[in-house]
Amino acid sequence: QVQLLESGGGSVQSGGSLKLSCAASGRTFSIYAMGWFRQGPGKEREFVATINYSGSRTYYADSVKGRFTISRDNAKNTVYLQMNSLKPEDTAVYYCAADRRSGVVPTQQVSEYDYWGQGTQVTVSS
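### A short note on the overall build of the protein
- Across its full length, the protein holds zero helices and eleven strands.
- Listed N to C, the secondary structure of the protein is β-β-β-β-β-β-β-β-β-β-β in terms of helices and strands.
- Scaling as 2.2 N^0.38, a compact globule of 126 residues should have a C-alpha radius of gyration of about 14 Å, and the protein matches this with 13 Å.
- Projected onto its principal axes, the C-alpha coordinates of the protein cover approximately 40 × 25 × 25 Å.
- Here the analysis covers contacts within the protein between residues at least 6 apart in sequence; of these, 59% occur between residues at least 24 apart.
- Counting every atom, the protein has about 6,400 Å² of accessible surface; 44% of that belongs to carbon and sulfur.
- In the protein, 13 positive and 10 negative side-chain charges are present, and the distance between their average locations comes to 5 Å.

Shown next, in the form of structure tokens:
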């Protein structure tokens, strides 16, 4: 199995930026689609962004489009989420996930992902 370790969370003011990282173990990272999801207090886990195995296709939730950027470095077994223009509604625990059965188009569905990190807290104050 794959172990995922998120880092880079913290507390910032509205309008600020953070960059999250997710480091993966294993030898097959380059064939997995990777996704970022988040879960705020009292809410269900929701899709944020996803990237296919090569990095050639990315998709974003409407709520973060234009502000967040997902990228990956397969040589480092790492996926990133650059978050700009942060808003208080972005406050949540952010989770990294891997889909080992993906194709060219990465999935946006929570149920399709096989491996999950423990999450990292992002707090945005007004």
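Alright, that's what it looks like, and here's the rest.
### Some words on the pairing of strand β3 (residues 18–24)
- Most of β3 sits inside the fold, with five of its seven residues counted as buried.
- Here β3 runs beside strand β8 (residues 78–83); their pairing, made up of six bridges, is antiparallel. Note on β8: the bridge partner recorded for S21 is Y80.

### Looking at a nonpolar patch on the surface
- A surface patch of nonpolar side chains, about 240 Å² in accessible area, is lined by Y53, V104 and V105.
- Overall, V104 belongs to the partly exposed group, its relative accessible area being 41%.

### Some remarks on the state of the cysteines
- What the rule picks out here adds up to one disulfide.
- The disulfide that involves C22 links it to C96, with 2.1 Å between the sulfurs. Judged by the torsion about the S-S bond (-80°), the C22/C96 disulfide is left-handed. One end of the pair, C22, is in strand β3; the other, C96, is in strand β9 (residues 92–99), with 74 residues separating them in the sequence. Assigned by exposure class, C22 and C96 land together as buried.

Analysis parameters
Residues numbered from 1 in each chain as written. Predicted model: local features only at pLDDT ≥ 70, side-chain atom pairs only at ≥ 80, totals over all residues. Heavy atoms only, no water. Helix = DSSP H or I, 4+ residues; strand = E, 2+ residues; numbered from the N terminus. Rg over C-alpha atoms; globule rule 2.2 N^0.38 Å. Contact = heavy atoms within 4.5 Å. Areas by Shrake-Rupley, 256 points an atom, 1.4 Å probe, with all protein chains shown as cover. Lys, Arg positive; Asp, Glu negative; His and termini not counted. Charge placed at Lys NZ, Arg CZ, Asp CG, Glu CD. Buried < 20%, exposed > 50% of the residue type's maximum accessible area, 1.4 Å probe, protein only. Pairing = 2+ DSSP bridges. Patch = residues over 30% accessible without salt bridge, like charges linked within 9 Å, V, L, I, M, F, W, Y side chains within 5 Å. Salt bridge = Lys/Arg side-chain N within 4 Å of Asp/Glu carboxyl O. Disulfide = S-S within 2.5 Å.

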